[in-house]
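One-letter residues, chain by chain:
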Amino acid sequence: MGLSAPPSPPLPEWVRPLRPGPSSRAGRRCHGDGSLAEARRVSSQVPGRPGAHGAAALTQAPGGGRAPRAGMAGQFRSYVWDPLLILSQIVLMQTVYYGSLGLWLALVDGLVRSSPSLDQMFDAEILGFSTPPGRLSMMSFILNALTCALGLLYFIRRGKQCLDFTVTVHFFHLLGCWFYSSRFPSALTWWLVQAVCIALMAVIGEYLCMRTELKEIPLNSAPKSNV
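Conventions and cut-offs
Here, residues in each chain are numbered from 1, in the same order as that chain's written sequence. Per-residue local features are limited, in this predicted model, to residues with pLDDT of at least 70; the limit for side-chain atom pairs, both in listing and counting, is 80 or more; totals at the level of whole chains, interfaces and linings are taken over all residues. Each side-chain value is worked out from all heavy atoms of the structure, with water and hydrogens disregarded. Each helix is a run of DSSP H or I of at least 4 residues and each strand a run of E of at least 2, with the numbering of both proceeding from the N terminus. For every residue, the accessible area obtained with a 1.4 Å probe (protein chains only) is divided by the maximum for its type, and the residue is called buried under 20%, exposed over 50%, and partly exposed between those limits. Note on contacts: a residue pair is in contact if any heavy atoms of the two residues lie within 4.5 Å. Accessible surface area values rest on a Shrake-Rupley calculation with a 1.4 Å probe, where residue burial reflects the displayed protein chains alone. UniProt positions are given in the numbering used here, feature names are shortened, and annotations may be inferred rather than shown by experiment. Any Lys or Arg side-chain nitrogen found within 4 Å of a carboxyl oxygen on Asp or Glu counts as a salt bridge. Working convention for charge: Lys and Arg count positive, Asp and Glu count negative, and His plus the chain ends are omitted. To estimate the expected span of a helix, count its residues, drop one, and scale the result by 1.5 Å. Patch building starts from residues that exceed 30% relative accessible area and form no salt bridge, then joins like charges within 9 Å and nonpolar side chains (Val, Leu, Ile, Met, Phe, Trp, Tyr) within 5 Å.

Q: Residue-level account of the overall build of the chain, with values.
A: Assigned secondary structure in the chain consists of 8 helices and 2 strands. Each of the 227 residues in the chain was classed as buried or not, and the buried ones make up 26%. Across the chain, the fraction of contacts at a sequence separation of at least 24, relative to all contacts at a separation of at least 6, is 69%. About 16400 Å² of surface is accessible on the chain, with carbon and sulfur atoms providing 67% of the total.

This is the structure we're talking about:
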């Protein structure tokens with residue numbers, strides 16, 4: 001008859017391995033969530049990290065997105081159709097056109113001791129290379145196109161609208177010449193000069209306006225700090 005080993009005594013409770021139950025896993029999950037929330041709260045107070053300060057700089061838009069700050073809203077122009085604004089800009093650019101053209105004609109005529117007249121401005125037949133008044137008028141129209149390009153920069157400020165306002169200004173000048181001389185302008189030189197002036201005024205004005213529109217827009221004015 002073989003001898004069998006005596007049964008081993010049961011292990012005490014403190015020696016048995018503990019298995020995580022549902023309650024312990026839920027407790028650790030809650031503890032982990034609490035630690036994560038605490039870490040996020042602490043990180044939001046560190047300068048230079050997105051947190052409460054970054055969220056305060058933005059406001060909730062009606063559509064669910066985030067709208068820019070109130071300080072940046074004034075840097076963008078409205079796209080709403082405003083006939084009164086457009087009409088005032090047309091009148092202003094027409095005033096700039098004739099005002100600067102009169103100044104250039106007076107300056108050029110003063111250099112050559114010639115008497116200025118409205119014919120140099122509204123008579124289409126006077127423009128040409130054969131007479132001194134015609135050459136002076138052509139020079140004044142070219143210089144006036146450069147001045148009006150600056151007018152587009154300061155009063156229009158939209159690159160896409162430069163060509164529209166340039167053509168509008170020269171269209172009203174065409175009507176003025178037609179009304180002044182009581183005949184439609186038919187001189188080839190006059191049309192060539194106006195075409196060159198339209199091209200110079202529109203291209204230079206659009207270039208200046210585009211440079212202004214493409215400037216960097218500061219999104220956050222708060223000072224940056226190295227962490």
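Continuing now.
Q: Can you break down the UniProt feature "transmembrane region" (unreviewed entry) in the chain residue by residue, with the values?
A: The feature "transmembrane region" (unreviewed entry), as annotated in UniProt, sits at residues 136-156, 163-181 and 187-209 in this numbering. Helix makes up 100% of residues 163-181 and strand 0%, with an end-to-end C-alpha separation of 27 Å. Annotated as 96% helix and 0% strand, the span residues 187-209 places its first and last C-alpha atoms 33 Å apart.

Q: How would you sum up the pattern of salt bridges? Please name residues and give values.
A: Summed over all chains, the structure comprises 2 salt bridges. For the salt bridge of Arg183 with Asp123, the shortest nitrogen-to-oxygen distance reads 4.0 Å. Residue Arg183 is located in the loop between α7 (162-181) and α8 (188-213), and its partner Asp123 is located in the loop between α5 (119-122) and α6 (132-155); the two are separated by 60 residues in the primary sequence. You can call Arg183 partly exposed: its relative accessible area is 41%. Arg158 is the partner of Glu213 in a salt bridge, and the nearest nitrogen-oxygen pair spans 4.0 Å. Taken together, the positions of Glu213 in helix α8 and Arg158 in the loop between α6 and α7 put the pair 55 residues apart, joining distant regions of the chain. Looking at Glu213, the relative accessible area reads 36%, which means it is partly exposed.

Q: Help me get a handle on the side chain of Asp109, residues and values and all.
A: With respect to the helices and strands, the residue Asp109 is situated in helix α4 (residues 83-111). Within the buried set, Asp109 has no salt-bridge partner at all; the shortest N-O distance to an opposite charge, 11 Å, is to Arg135. Every residue in contact with Asp109, bar those within four places of it in the chain, is listed here: Ser114, Ser115, Pro116, Gln120 and Leu136.

Q: I'd like to hear about α7, residue by residue, with values.
A: Between its first and last C-alpha, α7 extends 29 Å over 20 residues, near the 28 Å set by a 1.5 Å rise per residue. Taken together, the buried positions of α7 are occupied by Cys162, Phe165, Thr166, Val169, His170, His173, Leu174, Gly176, Cys177 and Ser181. Buried residues belonging to α7 abut α4, α5, α6 and α8. Positive backbone phi, at 60 degrees, marks Ser182, one or two positions downstream of α7.

Q: Requested: an account of a nonpolar patch on the surface, with residues and values cited.
A: Judged by side-chain polarity, Phe171, Phe172, Leu175, Trp178, Phe184 and Trp191 come together as a nonpolar surface patch covering roughly 590 Å² of accessible area. When residues of the nonpolar patch are assigned to their parent elements, the largest contribution, 4 residues, is made by α7. Its place among the elements puts Trp178 in helix α7.

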